[in-house]
Amino acid sequence: MERIHELENKVQELYSLLEAFKKLNSDLAIQDVFENILLQMVQVVGAEAGTLWVLDQDHEEIVASAAYGPTASAILNIRLSKEEGIVGKVMSTGEAHLIEDVTKDPNWAKRVDQSSGFITRSMITVPLVAKGHSIGALQLLNKQGHSLFTKQDVNLALALANQSALALHNSQMYDDLYKMFMSVIKTLASVLDARDPYTAGHSERVAKYSVWIAQRLGLSSEECDELNKAALLHDIGKIGIPDEVLRKPTRLTNEEYEAMKQHTVIGATILSNMEPKSSMIYAIQTARSHHERLNGTGYPDRLAGNDIPLFARIVGVADTFDAMTTVRPYSKGHTFQEGAAELIRCKGTLFDPDIVDAFTTILEECHYEVERYKLPGRQKGN
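Rules of the game
Residues numbered from 1 in each chain as written. Predicted model: local features only at pLDDT ≥ 70, side-chain atom pairs only at ≥ 80, totals over all residues. Heavy atoms only, no water. Helix = DSSP H or I, 4+ residues; strand = E, 2+ residues; numbered from the N terminus. Buried < 20%, exposed > 50% of the residue type's maximum accessible area, 1.4 Å probe, protein only. Areas by Shrake-Rupley, 256 points an atom, 1.4 Å probe, with all protein chains shown as cover. Expected span 1.5 Å × (residues − 1). Pairing = 2+ DSSP bridges. pLDDT = per-residue confidence, 0-100. Contact = heavy atoms within 4.5 Å. Axes fitted to C-alpha atoms, helices over the stretch in contact; angles between N-to-C directions. Core = buried A, V, L, I, M, F, W, Y, C linked by side-chain atoms within 4.5 Å. Phe/Tyr/Trp six-rings, centres within 6.5 Å; stacked < 30°, edge-to-face > 60°.

Engineer: Quick question: what am I supposed to make of the overall build of the protein chain here?
Structural biologist: When helices and strands are tallied, the protein chain shows 15 helices and six strands. Considering the protein chain as a whole, with its 382 residues, one finds that 50% of them fall into the buried category. Of the accessible surface of the protein chain, which amounts to about 18300 Å², a share of 50% is contributed by carbon and sulfur atoms.

Set out below in C-alpha cells:
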C-alpha cells in the first residue's frame, strides 16, 4: 500500500510539471516542433531541402529527426556517430559551417546522399544550442535557383536557430517528462493488477482495446492519448477494496459485491484529489462511470445513454470483454469469439452499439488473434 501511495504522489507531481511545460510552449508535440522548425528555416533561407539532426543522448548518436525535400522519407532516422560528418563537427565546435562544394570538404558524410539518393551541392549547417549545450544541428541543402548560400544566409540561419533551440529544448524536456509520467501510470496500473493474481495485465489490455476502438471511431491522436491514460487508471479505486474481497477465489456474496462496486466511487475520489484537476477530468469520469450501462442498470449513478461519458462507454466495453475472456478460479473464461458474441447480444441495451461494432470488427479482422492486430498509423520520431 505504501508503494501505491508513493506512485500516486509521483503521478500528481508529474501532472503538475506537464501542465507547467504546456504553458511554456504552445506546440509541444515534439515531432511537430521538429518539422515546424525545419520548414521555417528552409523557406526563409530559400533552400531546396533540409534536415534537422538531434542528439540521441542514450545512444550517443545524431539522428535525422525531420527532413524536407524530394528524398525526405529516405533521410529520416539515419544515424550518425557523435563525431561523424559536418553535423558532428558543428555540434562539437558550436560553430556554423558554410560549404560551397561539399565534395571538397573532408568532413562531409557521403553516406547520407548514398542512402537517400539526394545530390547535395552546397550546404549551411548551424548548431542548435540551448542552456549552453549542443542539442542538435540544422542543415540547409542547395540554394534554390542553383545560387550559392551567402554569409547573410548563414547569419539568418543562426538567428533562427537560436530561437528554435529553446523551443526544441522545451519540447524534449516535455517529451521526456511525458514518457516518465506514462511509465509511472503503467507501473501504478501493474501494482494494482498485481493485487489480484487472476487479473494480471488487465489494465494494460483494457487500455489497448480502448485505444483500438477509439481509433476505429475516428478519435484524434490527442483523444486517444487521454483515453489511454484514463483506461490505465480505470480500476485505481480497487486500492480501497479489502484483499479478502478483491482476491476472493470464489464468487462474491451480495454484500461483497456491493463493496466491490465502490471501487468506481473510490477511484473517482482518488483522481479528484490530484492536481491540476483539469488534467484528470477524463480519468475521473472513466473511473467512476465505466460500469454504467446504456439502459441505466449500471452503477454507481445509473446513468443511461449518452449521459455516460464516451470514454467510460468505450472502457466499459473493453473492460467487460477482458473480464469475460480472463480465466478465474470460478470461471474458465470465454473464448474471444464467445466474448464478442456476448457483446453483440448486449449491444443497444448494455453497451453502445457503435462501440461494440467497432471492437468486434477489429476482432474479426485479426481473426481473434489480438496479438497480431496492428494499430493504423497515428497522427500523439549529413
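The discussion continues.
Engineer: Please clarify how helix α8 (residues 221-232) should be interpreted in this entry.
Structural biologist: Structural remark: α-helix, 3.6 residues per turn; residues separated by three or four positions point the same way. An ideal rise of 1.5 Å per residue puts 16 Å on twelve residues; α8 measures up with 17 Å between its terminal C-alpha atoms. Those residues of α8 that fall on the buried side of the exposure criterion are Ser-221, Cys-224, Asp-225, Leu-227, Asn-228, Lys-229, Ala-230, Ala-231 and Leu-232.

Engineer: Even after reading the chapter, I still don't get the pairing of strand β5 (residues 123-130), so can you show me in this structure?
Structural biologist: Consecutive side chains of a regular strand alternate in pointing toward one face of the sheet and then the other. Counting buried residues in β5 gives seven out of eight residues, a clear majority hidden from the surface. The pairing of strand β4 (residues 97-99) with β5 spans three bridges and is antiparallel. Its bridge partner lying in β5, His-97 is registered against Thr-125. Note: β5 against strand β6 (residues 133-143), eight bridges, orientation antiparallel. Residue pairing across strands places Pro-127 opposite Ala-137, the latter belonging to β6. Counting the residues that bridge the hairpin from β5 to β6 gives two residues, and of these Lys-131 lies at a positive phi of roughly 55°.

Engineer: I'm lost on the confidence of the model for the protein chain in this one. Help?
Structural biologist: For any part of a model where pLDDT is low, the fine detail of the predicted coordinates should not be relied upon. Summing up the model confidence of the protein chain, the mean pLDDT is 83 and the portion of residues at 70 or higher is 83%. Throughout residues 378-382 the model reports pLDDT below 50, and contacts reaching past four residues in sequence, or to other chains, amount to 23 contacts.

Engineer: How should I be thinking about the sheet that holds β5 in this particular structure?
Structural biologist: Sheets are built from strands paired through backbone hydrogen bonds, the pairs being either parallel or antiparallel. In space, the six strands of this open sheet follow the order β3-β2-β1-β6-β5-β4, with antiparallel pairing throughout. Either end of the sheet is taken by a strand with one partner, and the two such strands are β3 (79-81) and β4. Neighbour to neighbour, the strand axes of the sheet diverge by 25° on average, direction disregarded. Seen against the sheet, helix α4 (residues 85-93) touches β1 (47-56), β2 (61-68), β3, β4, β5 and β6 and runs at an angle of roughly 135° to β6.

Engineer: Would you explain the nonpolar core in this entry?
Structural biologist: By size, the foremost hydrophobic cluster in this structure holds 50 residues, and its most contacted members are Ile-236, Leu-271, Val-317, Leu-343 and Phe-359. For this core, the elements supplying multiple residues, two or more each, are α6 (151-194), α7 (202-216), α8, α11 (263-272), α12 (281-289), α13 (310-324), α14 (336-346) and α15 (353-365). If you look at the next biggest cluster of nonpolar residues, it comprises 23 residues, including Val-54, Val-126, Ile-135 and Ala-157.

Engineer: What's the story with the packing of aromatic side chains in this structure? I'm lost.
Structural biologist: Two descriptors summarise a pair of aromatic rings, namely the distance from one centre to the other and the angle between the planes of the rings. A full pass over the atoms with the stated rule returns eight aromatic pairs. Here Tyr-209 and Trp-212 contribute two aromatic rings whose centre-to-centre distance is 5.7 Å and whose plane-to-plane angle is 55°, an arrangement assigned as tilted. Of this pair, Tyr-209 and Trp-212 both sit in helix α7, three residues apart, roughly one helical turn. Taking the relative accessible area as the measure of exposure, Trp-212 reaches 4% and is therefore buried. Residues Phe-321 and Phe-359 carry aromatic rings whose centres are separated by 4.9 Å and whose planes lie at 90° to one another, so their mutual orientation is edge-to-face. Of this pair, Phe-321 sits in helix α13 while Phe-359 sits in helix α15; the two residues are 38 residues apart in sequence, bridging distant segments of the chain.

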